[in-house]
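# Architecture and fold: a report
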Amino acid sequence: MRATVMRDKKLVVADIAMPEPGPGEVLVKTLACGICGSDLHALKHADRLVELARRSGGPFVMDLKRDIVMGHEFCAEVVDYGPESKRRLKPGTRVCAMPLLIRKSGIETVGYSN
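Residues numbered from 1 in each chain as written. Predicted model: local features only at pLDDT ≥ 70, side-chain atom pairs only at ≥ 80, totals over all residues. Heavy atoms only, no water.

### Quick notes on the pattern of salt bridges
On inspection of all chains with the given rule, the structure shows 3 salt bridges. The salt bridge involving aspartate 67 is made with arginine 7; its shortest N-O contact spans 2.8 Å. With aspartate 67 in the loop between α1 (37-56) and β4 (68-69) and arginine 7 in strand β1 (residues 2-7), the pair connects residues that are 60 residues apart, well separated along the chain. Looking at arginine 7, the relative accessible area reads 36%, which means it is partly exposed. Of the charged contacts in the structure, one is a salt bridge between arginine 66 and aspartate 63, with a shortest N-O distance of 4.0 Å. Classification of arginine 66 as partly exposed rests on a relative accessible area of 46%. Judged by its relative accessible area of 29%, aspartate 63 falls in the partly exposed class. (Salt bridge = Lys/Arg side-chain N within 4 Å of Asp/Glu carboxyl O. Helix = DSSP H or I, 4+ residues; strand = E, 2+ residues; numbered from the N terminus. Buried < 20%, exposed > 50% of the residue type's maximum accessible area, 1.4 Å probe, protein only.)

Here it is as structure tokens:
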């Protein structure tokens, strides 16, 4: 699939692997996405954001040596479900982003992640 990624402090469009929904997760297809001010701030100051996250012990993790998917504000439609999902919405239902994943391992950000 195609995505806008941060690579070497630049935004580029790249082909990335299609994600697989994990336990309790929903796979969605992005219909529209914008690059907001927070994305541009991250683009310019990613190294400082990573350092502050490490020092604070927060859940914010980015490996700046790898592509980072940008665009955490989006609308999408439900495509599929992972195992153990409640399947409350039918495939094709339109949804909007809450840019966090709540997993058993803790909270992970969406949009500023590898």
